[in-house]
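A structural walkthrough
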Amino acid sequence: LWGVSMGRLVVVGVLSHLLVQACEAGVPISAPALQLGARSLCGLTFVCSWRTFAASSRVAAFSTRSCRASSSSSSATVPPTMHLPRTMFDAVLRDPVVQQAIENSDFSKISREQLLAVARCCVPELTFDASKGGAGRLAVVGGSLEYTGAPYFAAAAMLRGGADLSHVFCERSAGTAIKSYSPEIIVHPVLEASAPHPISVEAFQSIVTKSANEVAQWIPRLDGILVGPGLGRDDVVIETCSQLIITIAAQDKPLILDADGLFILTCALAPRSGSPTATQVKMLQALSSASVTITPNKVEWERLCNAFKLVSAGDDVLSLAGLLAPEVARRIGSRTTVVVKGPKDVISDGTRTVECGMQGSPRRSGGQGDVLAGMLLTFKVWAASSVAKMAFEKGEEEILGGLLELACAYAACEVARTSAAKAYALKHRGMLAGDVLDQVASTFHELFPPHDDRM
């Protein structure tokens, strides 16, 4: 009996030591293992030394704090194991390839799996005690009489990707149509279009100010805004959104410019009248320090490169995207990310560049870019939130925060491309943007499953 007791004591001591070391080192341990270890240790503390008792208490406390496990004889609801984002991120940073990429400020050698692992650190964990809005309150500014589908696809992609709330601020003429597409999207038909007859400059400014204020009052309650899908090119709406971009930048909200949002940017860079308006000057100044991502397709990329006088007639701008994207990002602002959509999506923050070459769909139906834009905003907001929570030390935030931002942009591109590939496999030539949207949830789950497979 004495030998059995001593054997148990040795086992308990070793188990205590290993579990405490693992816990303090931040090594992820499954909830069942922690609970079993804590129960075993607590049950045998009467034969343990004071050191073993202290160790078992620390493990039990860590188990309670990390797992938040609760059980009852009738039913047990156990949230997924809570992995601290910084602990997960540090595990990725220990990879020699990632370390070298950070030292050289060259992310091109980081693999797909490593980029997705970094992005995974930013995805909010699913828990039963979460509150509505914790995974993102996002908005689209877009939607006009002619184009009501684009803002819907972007807003719906945000929700399918995991954001909690999605708003659309659109022209009054588009509100009813967008509301009819989905009850989950909160629609605000507050943007005024131009009057059917000529109006004075004062009346024009009055309409712009009223529309801008209708949207601006919501900005403090939002985590990120996408400007452009289906916006149209009405003069009043363009001026309204130019002022809104200034307001969004001033409040340091994550911003994405897509579609007609890029038209607004290009017009400010290369005004038709030859000189920019006062609003355009202020907008470009605001963007120079804003957290903004732009998402040009081939035509929009050509316009941007021409506006900056980076290419000549006949140049294949998509083939030059790897060289030109960093330059465009630097010229727009210090916190700009460029996502050039093409055979490969080229993603650059002006210093570092990654590419997403995951096979998508050969079918180029309208609306797929809007799905991507919605996913990009979702991940951009999560990246910004993670940077704030990880509390990087001085000097770390620029490069490690940049890694999170680029990895999240890459993840959004892969979700969109994989969803399109799956939709094409089902519908072939008949594939539409709605079919891509239908695949987003399952694709996201496959790429970023919850830590607890019961969720």
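Above this text sits the structure in question.
Residues numbered from 1 in each chain as written. Predicted model: local features only at pLDDT ≥ 70, side-chain atom pairs only at ≥ 80, totals over all residues. Heavy atoms only, no water.

**Focus on the overall build of the chain**
- When helices and strands are tallied, the chain shows 17 helices and nine strands.
- Within the span of the chain, comprising 455 residues, buried residues form 51% of the whole.
- Nonlocal contacts in the chain, meaning residues at least 24 apart in sequence, comprise 73% of its contacts between residues at least 6 apart.
- Here the chain displays about 21,300 Å² of accessible surface, and carbon together with sulfur accounts for 56% of that area. (Helix = DSSP H or I, 4+ residues; strand = E, 2+ residues; numbered from the N terminus. Buried < 20%, exposed > 50% of the residue type's maximum accessible area, 1.4 Å probe, protein only. Contact = heavy atoms within 4.5 Å. Areas by Shrake-Rupley, 256 points an atom, 1.4 Å probe, with all protein chains shown as cover.)

**Regarding the pattern of salt bridges**
- The final tally for this structure, using the stated rule, is 15 salt bridges.
- With a shortest N-O distance of 2.8 Å, glutamate 327 and arginine 331 are connected by a salt bridge. Here arginine 331 and glutamate 327 lie together in helix H14 (residues 321–332), a separation of four residues that amounts to about one turn.
- Residues joined by salt bridges that share partners form a network here, namely Arg112, Glu113 and Glu414. (Salt bridge = Lys/Arg side-chain N within 4 Å of Asp/Glu carboxyl O.)

**Brief notes about helix H6 (residues 112–120)**
- Turning to H6, its buried residues number three or more, namely Gln114, Leu115, Leu116, Val118, Ala119 and Arg120.
- In this fold, the buried residues of H6 make contact with helix H4 (85–93), helix H5 (96–104), strand E9 (353–356), helix H15 (368–390), helix H16 (397–427) and helix H17 (433–447).

**Brief notes about the side chain of threonine 148**
- One can find threonine 148 in the loop between strand E1 (137–141) and helix H7 (149–161).
- When its relative accessible area of 12% is taken as the criterion, threonine 148 is described as buried.
- Side chain to side chain, threonine 148 and tyrosine 181 meet in a polar contact 2.6 Å long.
- In this structure, threonine 148 is in contact with Ala174, Ala177, Ile178 and Tyr181, ignoring residues within four places of it in sequence. (Polar contact = N/O pair within 3.5 Å; in protein donor to acceptor, adjacent residues only side chain to side chain.)

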